Amino acid sequence: KELFRAANTFLGHRRGGLGIATIAACGGFAAISGSSVATAATFSTVAYPEMRRFGYPQSFATGVIAAGGTLGAMLPPSTVLAVYAIITQQDIGKLFIAGVLPGMMLTFMLCVVTWWLARKHDFPRLPKATWGRSWTTFRQSIWGLMLVVIIIGGIYSGAFTATEAAAVAAVY
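Reference entry: report on the structure contained in this document. Predicted model, so just to flag it, every value in this text is computed and none were measured.

1. Observations concerning the overall build of the protein
Then comes step 1: The number of helices and strands found in the protein is 8 helices and 0 strands.
Then comes step 2: Beginning at the N terminus, the succession of helices and strands in the protein can be written as α-α-α-α-α-α-α-α.
Then comes step 3: Relative to the compact-globule value of 16 Å for 172 residues, the protein shows a C-alpha radius of gyration of 16 Å, a close match.
Then comes step 4: Evaluated residue by residue, the protein yields a buried proportion of 40% over its 172 residues.
Then comes step 5: Considering only intrachain contacts with a sequence separation of at least 6, the fraction spanning at least 24 residues in the protein is 68%.
Then comes step 6: Accessible surface computed for the protein: about 9,400 Å², of which carbon and sulfur atoms make up 67%.
Then comes step 7: Looking at charge distribution, the protein has the averaged site of its 13 positive side-chain charges lying 14 Å from that of its 5 negative ones.

Laid out in structure tokens, this is it:
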């Protein structure tokens, strides 16, 4: 919820901002959970009611959540990449790092398409948040954002393996 709230605070005032915030928060959550199903399930309970409350069509809201859920397959620590690495006997850390740039590009492109559709259909905007509220929501989401840094940074730096990263993340 904190990731969605922070993304919504910074992006909600734009055309299609709730949809863009959902995609951004899905990317953040996917980088924590590594699961497409968990990402889609989480944001169907967090973001869907908000989008419907502000007048977004049901088809658009579910489409944004479904598209954002796919980020879990690409952004590390993706379970799909981990299974692929085990089957092909490749380095999990290298595959995770290889998924970062394409995952970020996909997230950006999904945001652009969401913005374009929202602009085309004139979806509502939310009021712009104050700097005080923006700072507060950022501080509340920093714990989730740091988890991504710990997992990816730890694996890439060689401080721990992917399995150890899961344990460190659980302790964190």
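2. Quick word on the nonpolar core
Inside soluble globular proteins, nonpolar side chains tend to come together where they are buried.
Then comes step 1: Grouped together as the largest cluster of nonpolar side chains are 26 residues, with contacts concentrated most on F4, F43, M51 and L71.
Then comes step 2: Elements with a contribution of two residues or more to this core: α1 (2-11), α2 (17-33), α3 (36-53), α4 (58-69) and α6 (92-121).
Then comes step 3: Of all hydrophobic cores here, the second largest spans 10 residues; its members include L81, A82, I151 and A169.

3. Considering helix α7 (residues 131-157)
Then comes step 1: The axis of α7 is deflected most strongly, by about 45°, at I142.
Then comes step 2: Of all the residues in α7, the buried ones are S134, T137, S141, L147, I151, I152, G154 and I155.
Then comes step 3: Backbone geometry just downstream of α7 places G158 in the positive-phi region, at approximately 85°.

4. Points about the packing of α1 against α7
Then comes step 1: Two numbers describe how α1 lies on α7: the axes approach to 8 Å, and their chain directions differ by 145°. Pair α1 / α7 crosses with left-handed handedness. Contacts between α1 and α7 pair E2, L3, R5, A6, T9 and F10 from the former with R133, S134, T137, F138, Q140, S141 and L145 from the latter.

How each quantity is defined
Residues numbered from 1 in each chain as written. Predicted model: local features only at pLDDT ≥ 70, side-chain atom pairs only at ≥ 80, totals over all residues. Heavy atoms only, no water. Helix = DSSP H or I, 4+ residues; strand = E, 2+ residues; numbered from the N terminus. Rg over C-alpha atoms; globule rule 2.2 N^0.38 Å. Buried < 20%, exposed > 50% of the residue type's maximum accessible area, 1.4 Å probe, protein only. Contact = heavy atoms within 4.5 Å. Areas by Shrake-Rupley, 256 points an atom, 1.4 Å probe, with all protein chains shown as cover. Lys, Arg positive; Asp, Glu negative; His and termini not counted. Charge placed at Lys NZ, Arg CZ, Asp CG, Glu CD. Core = buried A, V, L, I, M, F, W, Y, C linked by side-chain atoms within 4.5 Å. Bend = angle between axes of the 7 residues up to and from the residue. Axes fitted to C-alpha atoms, helices over the stretch in contact; angles between N-to-C directions. Left-handed = near helix turned anticlockwise from the far one by under 90°.

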